[in-house]
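# Structural characterization, general
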Amino acid sequence: MAKEERERIIIPDENGDENLFEVLFKFDVDQTGKSYMVTIPVADDSEDDDTDEVEVFPFRYEEKGDADDDLALFPLETDEEWDMIEEMLNTFQDDEYETE
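Anyway, here's the lowdown on the structure attached to this text. (Residues numbered from 1 in each chain as written. Predicted model: local features only at pLDDT ≥ 70, side-chain atom pairs only at ≥ 80, totals over all residues. Heavy atoms only, no water.)

### Description of the pattern of salt bridges
The tally for this structure, following the rule as stated, stands at four salt bridges. As a salt-bridge pair, Glu7 and Lys26 come within 3.2 Å of each other at their nearest N and O atoms. Placement of the pair is Glu7 in the segment before β1 (8-12) and Lys26 in strand β2 (residues 18-29), with a sequence separation of 19 residues. The class for Glu7 is partly exposed, based on a relative accessible area of 35%. Ionic pairing is found between Glu62 and Arg60, a salt bridge with its closest N-O pair at 3.0 Å. Overlapping salt bridges, with partners in common, bring together Arg6, Arg8 and Glu22 in one network. (Salt bridge = Lys/Arg side-chain N within 4 Å of Asp/Glu carboxyl O. Helix = DSSP H or I, 4+ residues; strand = E, 2+ residues; numbered from the N terminus. Buried < 20%, exposed > 50% of the residue type's maximum accessible area, 1.4 Å probe, protein only.)

Next up, the structure:
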């Protein structure tokens, strides 16, 4: 069965090097009006895909302008945001296991 193609974005690091990430999921919080995304780095072909652990990179984001690919990313600032991301990740993982 073919894997569904995920959205990919390029995120520059502190040195200005561009890194490719896959967007696992996005969600909005109606109460705060904020939007969040959780990303993972795109693995090099030389890396094994057999590992169960993958580092995730969550962000709060805002769309800038009309283009879908023009985003401003912000680090999570509060414990409440981290808790919410953790809860969403657990739900995402549960959904992934159910579809396998």
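### Concerning the pairing of strand β4 (residues 57-63)
The sheet contact formed by strand β3 (residues 34-41) and β4 spans five bridges and is antiparallel. Looking across to β4, one finds that Ser35 is bridged to Tyr61. In the sheet, β4 pairs with strand β5 (residues 71-74) via four bridges, with the strands oriented antiparallel. Residue pairing for β5: Tyr61 is matched across the bridge by Leu73. (Pairing = 2+ DSSP bridges.)

### Observations regarding the sheet that holds β3
Strand order across the open sheet formed by five strands is β1-β2-β3-β4-β5, with antiparallel pairing between neighbours. What marks the edges here is a single partner per strand, and that holds for β1 and β5. The sheet shows a mean angle of 45° between the axes of neighbouring strands, direction not considered. (Axes fitted to C-alpha atoms, helices over the stretch in contact; angles between N-to-C directions.)

### Notes on a negative patch on the surface
Negative charge collects at one region of the surface, where Asp79, Glu80, Asp83, Glu86 and Glu87 lie side by side. Within the element layout of this structure, Glu86 appears in helix α1 (residues 79-99). (Patch = residues over 30% accessible without salt bridge, like charges linked within 9 Å, V, L, I, M, F, W, Y side chains within 5 Å. Areas by Shrake-Rupley, 256 points an atom, 1.4 Å probe, with all protein chains shown as cover. Lys, Arg positive; Asp, Glu negative; His and termini not counted. Charge placed at Lys NZ, Arg CZ, Asp CG, Glu CD.)

### Observations regarding the environment of Leu76
Relative to the assigned elements, Leu76 resides in the loop between β5 and α1. The spatial distance from the C-alpha of Leu76 to the C-alpha of Tyr61 is 9.8 Å, given a sequence separation of 15 residues. Once you skip the residues sitting within four places of it in the chain, Leu76 turns out to touch Tyr36, Pro58, Phe59, Arg60, Glu81, Trp82 and Ile85. (Contact = heavy atoms within 4.5 Å.)

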